[in-house]
Amino acid sequence: MHGQQVTPDVRRRDEAVIRQELGPVGHREIEYVDEGWDSRVYLLNDGEVVFKFPRSDLVRAQFRLEVDALRLLENVSTAVQTPRVRYEHPDLEYFGYAGVVGRSLAETALDATGKAAVGAAIGGFLRALHQLDL
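A brief look at the structure comes next.

Calculation rules
- Residues numbered from 1 in each chain as written.
- Predicted model: local features only at pLDDT ≥ 70, side-chain atom pairs only at ≥ 80, totals over all residues.
- Heavy atoms only, no water.
- Helix = DSSP H or I, 4+ residues; strand = E, 2+ residues; numbered from the N terminus.
- Buried < 20%, exposed > 50% of the residue type's maximum accessible area, 1.4 Å probe, protein only.
- Core = buried A, V, L, I, M, F, W, Y, C linked by side-chain atoms within 4.5 Å.
- Contact = heavy atoms within 4.5 Å.
- Polar contact = N/O pair within 3.5 Å; in protein donor to acceptor, adjacent residues only side chain to side chain.

1. Quick word on the environment of arginine 103
Relative to the helices and strands, arginine 103 resides in the loop between strand S5 (95-98) and helix H3 (112-130). In this structure arginine 103 comes out as exposed when scored by relative accessible area, which is 62%. Separated by 15 residues in sequence, arginine 103 and valine 118 have C-alpha atoms that sit 13 Å apart.

Structural data, given as C-alpha cells:
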C-alpha cells in the first residue's frame, strides 16, 4: 500500500470518466489497483484496457512523457507487445490504453528453447528501442 487515501467520491468520479470514454461498460467490472504512488490505476478485463489518473500535478506532467513514449512505440514492430494509447484527456487528467493481456513470465515454465526465444524477443525490442529518439 502506498499510503495515499482515495475517497469513494474520487473513485466514483474516475469510474464515471472511464464509462464515458468506453460507452456502456455493462458487465465488465472496473478493477481499482491501489498500488501506485504516482497514479490511480483502473483495469478492465484483466488489463485489456487500463486507465491512469495522476495523483498530483507533477505526475500529470510526467504523463506527457509516458504517453509520448507509448505513441512512439506504436511504430516499432517487434515480438514484444506494447500498450496502445486509446484515450487521452487534453490536459492529461487521465489517459487510457489497450493493455497487454497474458500471463507473466514468473507464472510460465520455460524450457531452454523458450528462454532463448524470450531473450531474443527482448533483445530485438531493446535494439529497436535504442534507435528511437523521444
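2. Observations regarding the nonpolar core
Of all hydrophobic cores here, the largest spans 16 residues; its most connected members are Leu70 and Phe95. Every element with two or more residues in this core is listed here: strand S2 (39-44), helix H2 (57-73), S5 and H3. Looking at this core element by element, the count peaks at 5 residues for H2. Other than its neighbours up to four places away in sequence, phenylalanine 95 contacts Val50, Phe51, Lys52, Phe63, Glu66, Val67, Leu70, Tyr87 and Glu88.

3. Let's talk about the environment of arginine 40
Summarising the element assignment, arginine 40 is placed in strand S2. Among the residues examined, arginine 40 registers a relative accessible area of 8% and is labelled buried. Considered as a pair, arginine 40 and aspartate 14 are 26 residues apart in the sequence and their alpha carbons are 8.9 Å apart. What arginine 40 contacts, discounting residues up to four positions off in sequence, is Val6, Val10, Arg13, Asp14, Tyr32, Phe51, Lys52, Phe53, Pro54 and Arg55. Within the structure, the side chain of arginine 40 is placed 3.3 Å from the backbone oxygen of proline 54, a separation counted as a polar contact.

4. Let's talk about the side chain of glutamate 15
Position of glutamate 15 among the secondary structure elements: in helix H1 (residues 8-22). The residues contacting glutamate 15, other than those within four sequence positions of it, are Ile30 and Tyr42.

By themselves, these figures tell us nothing about what the structure is for.
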